[in-house]
Every structure is written in C-alpha cells, then in structure tokens.
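Structural characterization, general
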Amino acid sequence: MTDLYAVFGNPIAHSKSPAIHAAFARASNQALIYEARLAAVDGFEQAISDFRTAGGQGANVTVPFKEEAYRLCTRLSDRAARAGAVNTLTFNGNEIFGDNTDGAGLVRDITHNFGYELAGKRVLLLGAGGAARGAIAPLLAGAPASLFIANRSAEKAELLAAAFADIFPVNTGNFAKIAGNSFHLVINATSASLAGESLPLPQGIFAAGSLAYDMMYGKGETPFMALAREQGASCCADGLGMLVEQAAEAFFVWRAVRPPTAAVLANLRAGLHA
Ligand code: NDP
C-alpha cells in the first residue's frame with residue numbers, strides 16, 4: 001500500500017500542502033499519497049484516530065488544531081515542546097510523535113533562500129500568537145545579538161518572553177515601546193496583514209541593510225511589506241517561502257529525505273500571480 005499522509009485543518013480547501021508534497025515526492029522519487037482532510041472543529045481527535053486506522057503514517061496540522069495536536073502527542077520534539085504547538089505528526093505503532101517545523105521553515109527561508117545570516121543581528125518579532133511562539137527557538141538557535149518581541153497587547157509579549165527566559169533575555173513591549181531602536185531583521189508574525197491592516201510602527205526601526213519579513217503571503221505586497229519599504233527596509237519578503245520550507249522540513253521528518261524547494265516555490269509564486 002502506498003504511504004499515506006494528509007493535512008488536517010478547518011477550513012482546508014485552500015491548502016497548498018497537497019500540491020507542495022506531491023511536487024516534493026516527484027522530485028525525490030518517493031512514492032506517497034498526500035491529501036487535504038477537513039476535520040470538524042470539535043472532531044480533530046476522531047479524525048486523526050480514523051486516519052491512523054486507515055493506515056495514515058503522518059499528518060500536518062493547521063489552523064485551528066495545532067494546540068490540540070500538541071496535547072494529543074505521546075512524544076514531542078524539543079522545538080514542538082517549546083512552541084506549545086504541533087504542525088507535524090508521525091504515527092509509529094501506539095506512539096504519536098509531534099514536531100513543529102514552522103519556525104525551522106521561517107529560518108531556512110531567511111538564511112538559505114535570502115542568504116541572510118542571523119548571527120549578531122538585532123531581531124524584532126512582531127506578534128505574540130502561535131506563529132511567533134514557534135519562531136523563537138529556531139531564531140535564537142541562529143545566535144542573534146538581541147531579540148525584541150512587540151505585540152499589540154504587551155502582556156502577551158511579556159508572557160512569551162518569560163517562556164524563553166532560561167535560554168535568552170528577550171526585550172518586550174507594545175509597538176510604541178520599539179521607538180528609538182533599530183533592527184536588522186523585522187518579522188511580522190501578527191495576523192494584521194490578513195485583515196489588510198498595517199501596524200503602527202515608529203519611524204527609524206529599519207537599520208541599513210535590513211530585511212522585513214511578513215509571515216503572511218498573497219498576491220503582491222502585503223500592508224506590512226509596503227510600510228517597511230516606505231520606512232527604509234532594504235529587502236521585503238512574504239511568507240510563501242516559509243510555507244514551502246516548513247513543508248520540506250516535515251517531509252524530511254517523515255522520509256529522511258530533504259526535497260529541493262526552489263522550483264516548488266517558483267511555481268507557487270507564479271500561481272499566485274496567474
Ligand atoms: P494568532 O491568532 O495566534 O496570533 C495573532 C497575533 O496577531 C497576535 O499577536 C495578535 O495580537 C496580533 N494581531 C492580530 N490582529 C492585529 C492587528 N490588527 N494589529 C496588531 N496586531 C494584531 O495567529 P498566528 O500566530 O497563528 O498567525 C499569525 C500570522 O502568521 C498569520 O498571518 C498567519 O497567516 C501567518 N502564518 C504563516 C505561516 C507560513 O507558513 N507562512 C505559518 C503560520 C502562520 P494580540 O495578542 O494583541 O491579539
């Protein structure tokens with residue numbers, strides 16, 4: 001029987017993951033099936049159980065089930081434990097192994113695809129939700145000089161920083177508190193761009209040569225990318241590369257093969273503009 005994988009979410013029809021994994025499988029000569037599966041909002045655990053019974057070997061998990069997936073696991077990777085959320089499940093007999101590849105995908109896109117080293121850089125992370133949390137440990141592994149987490153509600157940024165206080169001293173505050181600082185890398189992990197909204201960022205926060213990275217992606221520039229360009233960021237990126245790289249990392253977790261990503265990313269980009 002061909003190895004079976006799927007992505008679970010609600011909604012899920014829009015998911016690009018089946019096309020990405022099919023392309024990875026072709027490029028790396030791996031025989032597998034990867035489907036998109038809709039789980040009822042209160043039916044995630046049952047959907048995963050049914051999938052395992054049907055022979056599913058692994059699954060990706062997206063909104064709104066990443067925290068529930070975390071709780072379902074019998075074993076977690078360090079990065080999933082730190083993230084408090086799981087986007088990649090592997091089923092081995094009775095074991096459910098949970099991993100989180102989102103942050104690794106982000107860092108791989110920044111360092112490999114954009115050739116942007118993290119070591120010694122001043123990093124600003126905007127947002128304190130699930131995506132921000134998953135990004136912190138992989139970002140810190142790149143040895144930045146400093147990390148500042150800014151969020152609309154400053155208390156959430158503080159709570160997040162406290163969870164990493166054992167490995168790195170993180171500065172926190174609301175957006176106004178950023179004023180007077182400048183950064184080499186600014187990552188938007190808020191969902192403001194999804195709503196077409198811009199962020200009230202102070203002037204002067206983009207250092208010379210800085211990269212502004214929006215985790216959101218779409219056709220053309222996001223509101224955050226437009227603002228960053230106007231305020232002097234040297235390079236602006238959206239999160240399509242992160243999407244492809246987190247998938248490649250999940251593929252590696254399951255298959256122990258690292259698929260090539262450049263052509264897949266280029267095809268997805270072309271599809272967005274079609
Ligand atoms: P969450 O709902 O967990 O967190 C949302 C965050 O955005 C919170 O920090 C919230 O602040 C902030 N926020 C929401 N609206 C606004 C606004 N209008 N102004 C300022 N701040 C706002 O979302 P996620 O962390 O799961 O996702 C965040 C983004 O990352 C989304 O755009 C998502 O699409 C993207 N993403 C991209 C991935 C990729 O592969 N490219 C993977 C995962 C996520 P507060 O705490 O004050 O409410």
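These figures come from a predicted structure and were not determined experimentally. Per chain, residue numbering runs from 1 following the sequence as it is written. Under the rules for a predicted model, residues below a pLDDT of 70 receive no local features and side-chain atom pairs below 80 are neither given nor counted, while totals for whole chains, interfaces and linings still include all residues. Based on all heavy atoms of the structure, the side-chain values leave hydrogens and waters out of the count.

1. Quick notes on the nonpolar core
Basically, it comes down to this: As used here, the term nonpolar core means buried Ala, Val, Leu, Ile, Met, Phe, Trp, Tyr and Cys residues forming a set that is joined through side-chain atoms within 4.5 Å. Only protein chains enter the accessibility calculation, which uses a 1.4 Å probe; a residue is then buried when its area is under 20% of its type maximum, exposed when over 50%, and partly exposed in between. In what follows, residue pairs with any heavy atoms lying within 4.5 Å of each other are defined as contacts.
Within the largest apolar cluster, 30 residues are counted, with the highest numbers of intra-cluster contacts made by L106, I110, L147 and I187. If we ignore the near neighbours within four places in the chain, the residues touching L106 are A135, L139, I187, Y213, M215 and M242. Counting residues in each nonpolar core, the second largest holds 21 residues, with L243, A247, A248 and L265 among its members.

2. Quick notes on the packing of aromatic side chains
We apply this condition: Centre distance within 6.5 Å is the pairing criterion for rings of Phe, Tyr and Trp, where only the six-membered ring of Trp is used; planes under 30 degrees apart are then read as stacked, over 60 as edge-to-face, and the remainder as tilted. Helix and strand labels come from DSSP, where a helix needs a run of H or I of at least four residues and a strand needs a run of E of at least two; each type is numbered from the N terminus.
Enumeration according to the criterion identifies nine aromatic pairs in this entry. Consider the rings of F44 and F65, whose centres lie 4.8 Å apart with planes at 15 degrees: the pair is stacked. Of this pair, F44 sits in helix α2 (residues 44-53) while F65 sits in the loop between β3 (56-61) and α3 (66-72), placing them 21 residues apart in sequence. Taking the centre distance of 6.5 Å and the plane angle of 85 degrees together, the rings of F114 and Y213 count as edge-to-face. With F114 in the loop between α5 (102-113) and β7 (122-126) and Y213 in strand β11 (residues 206-214), this pair connects stretches of sequence that are 99 residues apart.

3. A look at the pattern of salt bridges
To keep it simple, the criterion reads: Here, a salt bridge means any side-chain nitrogen of Lys or Arg that lies within 4 Å of a carboxyl oxygen of Asp or Glu.
Within the structure shown, the criterion is met by eleven salt bridges. The salt bridge partner of D99 is R79, with a shortest N-O separation of 2.7 Å. Here D99, found in strand β6 (residues 95-99), pairs with R79, found in helix α4 (residues 78-83); they are 20 residues apart in sequence, far enough to count as distant. Exposure remark for D99: the relative accessible area of 5% places this residue in the buried category. Since its relative accessible area comes to 25%, R79 is described here as partly exposed. Here R82 ties to D166 by a salt bridge, and the two come within 2.7 Å at their closest N and O atoms.

4. Describing the sheet that holds β7
Adjacent strands of a sheet form backbone hydrogen bonds with each other and so pair up, either parallel or antiparallel. To keep things clear, this is the line we draw: Should DSSP find at least two bridges between two strands, the strands are taken to pair. Only the stretch in contact is used when fitting a helix axis, every axis being a line fitted to C-alpha atoms; angles between N-to-C directions are given from 0 to 180 degrees.
The six strands are arranged β9-β8-β7-β10-β11-β12 in an open sheet whose pairing can be described as parallel. If you trace the sheet from one side to the other, it starts and ends with β9 (171-173) and β12 (235-237), each paired once. Geometrically, the sheet is characterised by an average inter-axis angle of 15 degrees between neighbouring strands, direction not taken into account. Both β7 and strand β8 (residues 146-150) contribute to a ladder of five bridges, which runs parallel. Its bridge partner being in β8, L124 is matched across the sheet by F148. This element, helix α8 (residues 223-230), spans β7, β10 (183-188), β11 and β12 of the sheet and lies at about 175 degrees to β11.

5. As for the side chain of Q231
Relative to the elements of secondary structure, Q231 occurs in the loop between α8 and β12. On the accessibility criterion, Q231 (15% relative accessible area) is buried. Setting aside residues no more than four positions away along its own chain, Q231 makes contact with L201, P202, Q203, G204, I205 and F206.

6. A few points about the site of the ligand
This is how it is decided: We call a residue near a molecule or strand when any one of its heavy atoms sits within 4 Å of it. Contacts described as polar in this section are N or O atom pairs within 3.5 Å, which, within protein, must combine one atom able to donate a hydrogen with one able to accept it, while residues neighboring in sequence count only if both atoms come from side chains. Gly is put with the polar residues, along with every residue not named as nonpolar or charged; the nonpolar set is Ala, Val, Leu, Ile, Met, Phe, Trp, Tyr, Cys and Pro, and the charged set is Asp, Glu, Lys and Arg.
Not every one of the 22 residues close to the ligand is listed here, only the nearest: A131, N151, R152, S153 and E197. Here E197 contributes a side-chain N or O atom positioned 2.5 Å from a nitrogen atom of the ligand. Counting residues per element, the ones that place at least two in the shell around the ligand are α6 (130-141) and α9 (240-255). The class makeup of the residues in the shell around the ligand is eleven nonpolar, eight polar and three charged.

7. Topic: the domain arrangement of the protein
One frequent convention defines the size of an interface as the accessible area lost when the parts assemble. Going by this rule: Domains are outlined according to an automatic or database domain assignment. Here the quantity called buried area is the total loss of accessible area, with a 1.4 Å probe, experienced by two parts when brought into contact, counted for both.
We note that the domain assignment places domain 1 (3-100) and domain 2 (103-240) within the protein. Taken over C-alpha atoms, the centre of domain 1 sits 27 Å from the centre of domain 2. Counting residues at the interface gives six residues for domain 1, matched by ten residues for domain 2. Taking both sides of the interface into account, the surface hidden between domain 1 and domain 2 amounts to around 630 Å²; carbon and sulfur atoms contribute 52%. The tally of links between domain 1 and domain 2 comes to one salt bridge. For the interface between domain 1 and domain 2, the tally reads four residue pairs in polar contact (both at pLDDT 80 or more). Its residues assigned to classes, the side of domain 1 that touches domain 2 shows one nonpolar, two polar and three charged.

8. Regarding the state of the cysteines
What counts here: Counting rule for disulfides: a pair of cysteine sulfur atoms within 2.5 Å.
Per the stated rule, a full pass over the model turns up zero disulfides. The thiol of C236 is not disulfide-bonded; the next cysteine sulfur, from C235, is found 6.6 Å away.

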